[in-house]
Amino acid sequence: MSAASSAVEGWAGEWVSRRLDVRLADGERPAGVGLSDLVGLAVRRNPKRAHLLVSTVLGKHVPTDPRLVHGAGLLLGDLVRACLDGRRPDDLDGLLAEALKGRPGAAAALRDRLRAPRPPMDAVVLGYAETATALGHSVADALGGAYYLHSTRRPVAGFATYGGFEEEHSHATSHLLLPADPAAAEADVPMVLVDDELSTGRTVLNTIRALHAVRPRHHYVLAALVDLRGDEDRARVRELAGELGVRIDAVALASGRVELPDDILETGPALVADLESVRSEKPERRRATHTVSRAGIGWPEGLPDGGRHGFTPEHRERLEKELPAMAARLVPALAGRGRVLVLGFEELMYAPLRLAEALADALPDVAVRYSTTTRSPVLAVDDPGYAIRTRLAFPAHDDPADGPGERYAYNVDARFDAIVLVIDDVADTAALRDGLLAELSALAPVTVVAVPAFGEGPL
């Protein structure tokens, strides 16, 4: 691929590239793919950042084969493993590239190759809410013995704040660390910090500085699907490593840079305003309503629903054992459907991902896809050269600490024959029924799966 990877034919970033002159330039390709293979482009409805990189393997904004999502996370974890033990990463014979092209069986083959048993590695893995909660969990899976914790924007009674940091570019910046067992987070082992992208690296530097003051350690690894840092950004990492007397490494599936015009913070919002003013004149279409049902999957008592309060190797072993039986409880209602979406909820990404993955394995004749809802406001444009084709907007339904607000589900439309909505029981509220469920049931039959929020209870 040429350095100007935004020139790829049929790329889901062409629309933005043409109108706002945003371009991607490839750097290193340790996983055998470039930036335009791993991301498309969209336009944010955010005055601080005009563009959004939309991952093709994260399963956040784009419904994706869950085996590809988990496989990409395991692959990133394999790069971390190689960094920690000083070896070369495994040669995957182009499986990621084949899976991204949609070759039948390639996503499952990638996942299966990377989840083969290997010796566990000692590490503490930290994922960033909301986009990287499942990605970080998958990296921890690849390390086997790693304790996993993700940041959260949800304060929880009874859990003391261990630390916090600011994600400077975000539309909702307050992050908390709420481990149930702080001692597990303080083990004298390397810390791996996982995000979907490294843009400037400021967030991870803030995190390292804050956590190192509480519990110094000798080695940190930054892990991301794409690394877009420039020379000055990388120099800041080296400066911090020298200041603290530590080693800081970085791994990513692909690296490079985003080339932006100087006036993008003016042209981006102007483009959004022009398009939304035209759309406001179009009347809303009335849509038929499908059934909404509920299903219990037998979530194991005491098993955390994710890494908000920590996830141990013992938790991981128990989840792997119980997953097939949980998925089997949904199979009868989904068998024979052409396309099924398993939709997660903001920070609750890993449990829906693994349930979707088990369903995809159990239903080989059904196209199972996975994505989640999000706080990120993004412009939707129904164009094949744009990464966000459709948008559902609805009110927050989990009584968020920072107050009510609009939430979104992207690229969720009537092409799906059934939708499985996976939430935690804290979010199972009247606002859910009147908001997101009403939107989803206008598209397809919906099955609601509510898992118990670890350490919490329903409102």
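Residues numbered from 1 in each chain as written. Predicted model: local features only at pLDDT ≥ 70, side-chain atom pairs only at ≥ 80, totals over all residues. Heavy atoms only, no water.

## Here we look at the pattern of salt bridges
The tally for this structure, following the rule as stated, stands at 33 salt bridges. As a salt-bridge pair, Arg-87 and Asp-85 come within 3.5 Å of each other at their nearest N and O atoms. One salt-bridge network, in which partners are shared between bridges, spans Asp-65, Arg-67, Arg-111, Asp-112, Arg-115, Asp-141, Arg-316, Glu-320, Arg-354, Glu-357 and Asp-361. (Salt bridge = Lys/Arg side-chain N within 4 Å of Asp/Glu carboxyl O.)

## Re the nonpolar core
Val-192, Leu-359 and Tyr-386 are the most contacted members of the largest nonpolar core, which totals 148 residues. Ignoring sequence-local partners within four residues, the contact set of Tyr-386 consists of Ala-12, Trp-15, Val-16, Leu-41, Ala-42, Val-43, Val-378, Leu-379, Ala-380 and Val-381. (Core = buried A, V, L, I, M, F, W, Y, C linked by side-chain atoms within 4.5 Å. Buried < 20%, exposed > 50% of the residue type's maximum accessible area, 1.4 Å probe, protein only. Contact = heavy atoms within 4.5 Å.)

## Side note on the environment of Ala-107
Residue placement: Ala-107 occurs in helix α5 (residues 106–114). Setting aside its immediate chain neighbours within four residues, Ala-107 contacts Asp-65, Arg-67, Leu-68 and Ala-99. (Helix = DSSP H or I, 4+ residues; strand = E, 2+ residues; numbered from the N terminus.)

## Concerning the sheet that holds strand β8 (residues 191–198)
Spatial ordering of the open sheet is given by β1-β10-β9-β8-β4-β5, a layout of six strands whose pairing is mixed. Of all strands in the sheet, those bounded by a partner on one side alone are β1 (23–26) and β5 (147–150). Going from strand to strand, the sheet's axes swing by 25 degrees on average, the running direction of each strand aside. Of the pairings in the sheet, the one linking strand β9 (residues 219–227) to strand β10 (residues 247–259) comprises eight bridges and is parallel in character. Paired with Val-221 across the strands is Asp-249, a residue of β10. Here helix α6 (residues 133–143) sits on the sheet in contact with β4 (124–127), β5, β8 and β9, set at roughly 135 degrees to β8. (Pairing = 2+ DSSP bridges. Axes fitted to C-alpha atoms, helices over the stretch in contact; angles between N-to-C directions.)

## Quick look at the pairing of strand β13 (residues 367–372)
Pairing analysis gives six bridges linking strand β12 (residues 339–344) to β13, with the strands arranged parallel. Paired with Val-340 across the two strands is Val-368, which belongs to β13. As for the winding sense of the linkage, the β-α-β connection from β12 through helix α13 (residues 350–362) to β13 is right-handed. (Right-handed = clockwise from strand over helix to strand, strands pointing away.)

## Observations regarding the sheet that holds β13
The strand order across the open sheet built from five strands is β11-β17-β16-β12-β13, with neighbouring strands paired in parallel fashion. Strand pairing shows two members of the sheet lacking a second neighbour, β11 (292–294) and β13, which therefore form its edges. Strand-to-strand twist across the sheet, computed as the mean angle between neighbouring axes with direction ignored, equals 25 degrees. With four bridges joining them, β12 and strand β16 (residues 418–424) adopt parallel strand pairing. By the bridge assignment for β16, Val-342 is matched with Val-420.

Geometry only, nothing functional implied.
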